[in-house]
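Chain residues, written in single-letter form:
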Amino acid sequence: QKEVEQNSGPLSVPEGAIASLNCTYSDRGSQSFFWYRQYSGKSPELIMSIYSNGDKEDGRFTAQLNKASQYVSLLIRDSQPSDSATYLCAVIGSSASKIIFGSGTRLSIRP
Amino acid sequence: DTAVSQTPKYLVTQMGNDKSIKCEQNLGHDTMYWYKQDSKKFLKIMFSYNNKELIINETVPNRFSPKSPDKAHLNLHINSLELGDSAVYFCASSQDGTFEPQHFGDGTRLSIL
């Protein structure tokens, strides 16, 4: 089992709809969770961080964390073509000494 | 002003050569990192330095040697380059060693012929 797993996609969502991206992790003691957005040929950019169970909202983005299920998700409301990118889930493990990235989900917003 | 800058942006070289990638941050951060992103977009941490001290050294061949002359600079030297070293290498920095938040450089695309 990979330490951080994501569906590679591509996930195709119509413009204006909600895009839902999912991530599972194996280290039950993990405490910090991040979503990065990476446009093709560019560097990763942090868009959300979440540390406790529940939802965290920032503009059109909502991160959801369920530690019991070892699951973190990212919802993007009112999807725009500019949201088309690869979304990387990242987890800091229980040792807090390193960060593990998933392989990313490619999101495509169709007009 | 660029916060985290890497040079060069592209590096094309022959197998067996030695090359270096430079990284500088002007954010005043204490911690800097090197990541490798392979062709499948898998991003993996290689090293981290906190105030010039090596903190993380993942399972990386010892052909890779990081050097931090001061806390604003973290360079990566690679000896005897192999085909499998072809990837995009990202430098990043954060205020402290908690990875939060990280600011990434634009990446160096290394291609081994």
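Look up a bit, the structure's there.
Residues numbered from 1 in each chain as written. Chains lettered and ligands numbered in written order. Predicted model: local features only at pLDDT ≥ 70, side-chain atom pairs only at ≥ 80, totals over all residues. Heavy atoms only, no water.

Caption draft 1: Geometry of the overall build of chain A. Scanning chain A for helices and strands turns up zero helices and eleven strands. Reading chain A from its N end, one meets helices and strands in the order β-β-β-β-β-β-β-β-β-β-β. In terms of overall size, chain A behaves like a compact globule, its C-alpha atoms giving a radius of gyration of 13 Å where 111 residues would be expected to give roughly 13 Å. If one aligns the C-alpha atoms of chain A with their principal axes, the spans along those axes are about 45 × 30 × 20 Å. Looking at chain A residue by residue over its 111 residues, the buried ones come to 45%. When the accessible surface of chain A is split by element, carbon and sulfur atoms take 46% of a total near 5,200 Å². In chain A, which carries 11 positive and 10 negative side-chain charges, the distance between the mean positions of the two groups comes to 4 Å. (Helix = DSSP H or I, 4+ residues; strand = E, 2+ residues; numbered from the N terminus. Rg over C-alpha atoms; globule rule 2.2 N^0.38 Å. Buried < 20%, exposed > 50% of the residue type's maximum accessible area, 1.4 Å probe, protein only. Areas by Shrake-Rupley, 256 points an atom, 1.4 Å probe, with all protein chains shown as cover. Lys, Arg positive; Asp, Glu negative; His and termini not counted. Charge placed at Lys NZ, Arg CZ, Asp CG, Glu CD.)

Caption draft 2: Quick look at the layout of surface pockets. Considered as a void within the structure, the largest pocket measures approximately 240 Å³ in volume. In terms of lining, the largest pocket is formed by 15 residues, of which the most central are E3, I100 and F101 of chain A together with F42 and K44 of chain B. Breaking the lining of the largest pocket down by element, the ones donating at least two residues are β10 (99-101) of chain A together with β5 (43-50) of chain B. (1 Å grid on protein atoms, 1.4 Å probe; cavity = no way out; pocket = protein on both sides within 12 Å on 5 of 7 lines; lining within 4 Å. Points joined across faces, edges and corners; volume = space filled by probe spheres on them.)

Caption draft 3: Spotlight on the pattern of salt bridges. Tallied over the entire structure, the rule returns six salt bridges over all chains. Between E57 of chain A and R77 of chain A there is a salt bridge, with the nearest N and O atoms lying 3.4 Å from each other. With a gap of 20 residues between them, E57 of chain A in strand β6 (residues 54-58) and R77 of chain A in the loop between β8 (71-76) and β9 (85-92) connect regions that are remote in the sequence. Of the residues examined, E57 of chain A reaches a relative accessible area of 61% and is grouped as exposed. On the basis of relative accessible area, R77 of chain A is assigned to the partly exposed category, the value being 27%. Among the ionic pairs, D85 of chain B bridges to R63 of chain B, the shortest N-O distance being 2.8 Å. Taken together, the residues span a long stretch of sequence, with D85 of chain B in the loop between β8 (73-78) and β9 (87-94) and R63 of chain B in the loop between β6 (53-57) and β7 (64-70) at a distance of 22 residues. Look at the salt bridges and you will find they share partners, linking R63, E82 and D85 of chain B into a network. (Salt bridge = Lys/Arg side-chain N within 4 Å of Asp/Glu carboxyl O.)

Caption draft 4: Up close: the packing of aromatic side chains. All names here are of chain A. The full count for this structure, using the stated rule, is ten aromatic pairs over all chains. Between F34 and Y51, the ring centres sit 6.3 Å apart and the planes meet at 85°, which makes this aromatic pair edge-to-face. In this pair, F34 sits in strand β4 (residues 32-38) while Y51 sits in the loop between β5 (45-50) and β6, placing the two residues 17 residues apart along the sequence. Judged by relative accessible area, which is 35%, Y51 ranks as partly exposed. (Phe/Tyr/Trp six-rings, centres within 6.5 Å; stacked < 30°, edge-to-face > 60°.)

Caption draft 5: Representation of the nonpolar core. One finds W35, V72, L74, I76 and Y87 of chain A to be the most contacted residues of the largest nonpolar core, which totals 24 residues. Where this core is concerned, the elements lending two or more residues are β3 (19-25), β4, β5, β7 (61-66), β8, β9 and β11 (105-110) of chain A. (Core = buried A, V, L, I, M, F, W, Y, C linked by side-chain atoms within 4.5 Å.)

Caption draft 6: Main features of the pairing of β5 of chain B. In terms of burial, β5 of chain B is largely enclosed, as six of its eight residues are buried. The turn joining strand β4 (residues 31-37) of chain B and β5 of chain B, which pair antiparallel and follow one another in sequence, is formed by five residues; a positive phi near 70° is taken by K41 of chain B. (Pairing = 2+ DSSP bridges.)

Caption draft 7: The interface of chain A and chain B, seen in detail. Taken together, the contacts link 18 residues of chain A with 18 residues of chain B. The junction of chain A with chain B conceals about 1,500 Å² of combined surface from both sides, 57% of it contributed by carbon and sulfur atoms. Between the two partners, chain A and chain B, sit zero salt bridges. Here chain A and chain B share four residue pairs in polar contact (both at pLDDT 80 or more) between them. Elements that contribute at least two residues to the side of chain A that touches chain B include exactly β4, β9 and β10 of chain A. Partitioned by chemical class, the residues of the side of chain A that touches chain B number ten nonpolar, six polar and two charged. (Contact = heavy atoms within 4.5 Å. Buried area = accessible area lost by both parts, 1.4 Å probe. Polar contact = N/O pair within 3.5 Å; in protein donor to acceptor, adjacent residues only side chain to side chain. Nonpolar A, V, L, I, M, F, W, Y, C, P; charged D, E, K, R; others polar.)

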